[in-house]
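# Chain and residue survey
The lines below spell out each chain.
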Amino acid sequence: MAASGGREPAPKPSVRPNDLKPRILSAIVLAAGALGSALLGGWLFAGVWAALSVMVYLEWFTIARSRPGSPPPGFHWSMVPGVALLAALALAIAGALLAGWSLPAGLPWLAGLFLAFLLAVSRAGLAHRRWQASGMLYAGGLIVSMLVLRLSDSHGLVAVLALFAIVWGTDIGAYFTGRALGGPKLAPRISPNKTWSGFAGGLLTGIFAGMLVLRVAGLPLSLALILLCGVLALVSVAGDLFESHMKRRFGVKDSGHLIPGHGGFMDRLDAFLFAAILAAAIGLWRGGVQNAAGGLLTSW
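A tally of regular secondary structure across the protein chain gives 10 helices and two strands. Listed by position from the N terminus, the elements making up the protein chain come as α-α-α-α-α-α-β-β-α-α-α-α. For the protein chain, the residues scored as buried account for 51% of the 300 residues in total. Across the protein chain, the fraction of contacts at a sequence separation of at least 24, relative to all contacts at a separation of at least 6, is 75%.

Glancing now at the confidence of the model for the protein chain. Looking at the protein chain, pLDDT values average 86 and 87% of them are 70 or higher. Contacts of residues 2–17 to residues separated by more than four positions or lying in other chains number 42 contacts, the stretch itself having pLDDT below 50.

This part takes up a nonpolar patch on the surface. Together, Trp 43, Leu 91, Leu 98, Trp 101 and Trp 109 make up a nonpolar patch on the protein surface, roughly 510 Å² of accessible area in all. By the element assignment, Trp 43 lies in helix α2 (residues 42–64).

Counting residues in each nonpolar core, the largest one holds 78 residues, and the members touching the most others are Trp 49, Val 56, Leu 147 and Phe 272. Among the elements that line this core, the one with the most residues is α2, at 12 residues. Ignoring any residue separated from it by four or fewer positions in sequence, one finds Val 56 in contact with Tyr 138, Ala 139, Leu 142, Phe 265, Met 266, Leu 269 and Leu 273.

This next bit is on the packing of helix α5 (residues 129–150) against helix α6 (residues 156–181). Packed helices, taken two at a time, are described by the angle between their axes plus the distance between the axes. Across the interface, α5 lies against α6 with an axial gap of 7 Å and an inter-helix angle of 135°. When the axis of α5 is compared with that of α6, the two are oblique. On the side of α5, the interface is formed by Met 146, Leu 149 and Arg 150, while α6 contributes Gly 156, Leu 157, Val 160 and Leu 163. Residues of the contact of α5 with α6, tallied by class, amount to five nonpolar, one polar and one charged.

Reading the values: the criteria
- In this convention, every chain numbers its residues from 1, walking through the sequence in written order.
- Where totals are concerned, whole chains, interfaces and linings use all residues; where local detail is concerned, this predicted model gives features only for residues with pLDDT of at least 70, and gives and counts side-chain atom pairs only at 80 or more.
- Values reported for side chains reflect all heavy atoms of the structure, with hydrogen atoms and water molecules removed beforehand.
- Strands are runs of DSSP state E lasting at least 2 residues, helices are runs of H or I lasting at least 4, and numbering of each runs from the N terminus.
- Accessibility here uses a 1.4 Å probe with only protein chains present; expressed as a share of the type maximum, an area under 20% marks a residue as buried, one over 50% as exposed, and anything in between as partly exposed.
- Every residue pair with non-hydrogen atoms within 4.5 Å of one another is taken to be in contact.
- Confidence scores here are pLDDT values: one per residue, from the predictor, ranging 0 to 100.
- Patch definition: residues with relative accessible area over 30% and no salt bridge; like charges joined within 9 Å; nonpolar side chains (Val, Leu, Ile, Met, Phe, Trp, Tyr) joined within 5 Å.
- Computed by Shrake-Rupley with a 1.4 Å probe, the accessible areas treat only the displayed protein chains as cover when residues are assessed.
- Salt bridges are counted wherever a side-chain nitrogen of Lys or Arg sits within 4 Å of a carboxyl oxygen of Asp or Glu.
- Residues belong to a common nonpolar core when they are buried Ala, Val, Leu, Ile, Met, Phe, Trp, Tyr or Cys residues joined through side-chain atoms within 4.5 Å.
- Convention adopted: a line fitted to C-alpha atoms gives each axis, helices being fitted over their contacting stretch, and angles between N-to-C directions are expressed from 0 to 180 degrees.
- When describing relative orientation, an angle under 35 degrees is termed roughly parallel and one over 145 degrees roughly antiparallel, while 65 to 115 degrees is termed roughly perpendicular and anything else oblique.
- Note on residue categories: nonpolar means Ala, Val, Leu, Ile, Met, Phe, Trp, Tyr, Cys or Pro, charged means Asp, Glu, Lys or Arg, and polar means any other residue, Gly included.

See below:
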């Protein structure tokens, strides 16, 4: 979830003065909600991020059904199994980590919902089915990664706050560095406003922001942790570029219109989602399901 637009400006401002106030207010509300859910943790955190993952899925599904020059497609019945599957996945993981539920006991009904989702997509008669099916991996990756990190036995809050700092720092640093220095474009066919100077400035800012959070939390700053901050910052840029590519692929300007001045939830979570999935994968590999955040941040 990005705290600001975070994209280097085109020669002419992309945000009109009368759009700036709602854009700033929306960013403040989004950042406060993200931080508040992380600080409170527990079932509230699970509910907030389950809702966000559902919104991301619905926006992805809508983009994949879009056609250039046509009005945005509305509700389609085949969205329902996907929403149910994401909600069930969040409930199963949160229950296992918070209440000690048996995760294997829930696998049969999760598998049933997954089959229902695949059947719905296959029988919907819609174009771009592979894009629609992959939306479940995209949105499901968000909820799984956030739950296993924040609800870990140790360092869960620190891991999530460090992710926020890295992604937001990269986003904000790229915006201001690109605005000040300009220069050659990073990926003009995908995102024409991004520059190499913004890319470099964003990476440095993201690394510094992540290191600052880890240091304040009392963790020793090993070379491995510094490199980890850099890799997560780099992956967040890749996530931003990926969503820009997808929107161009389907001729869509914004993923949605629910956030004043910012577009949709995918627009705000694209960079964060990629970084969170990688962080969770590393944490699960090193610390297991119960302590993914500890595996991510300790014993390097």
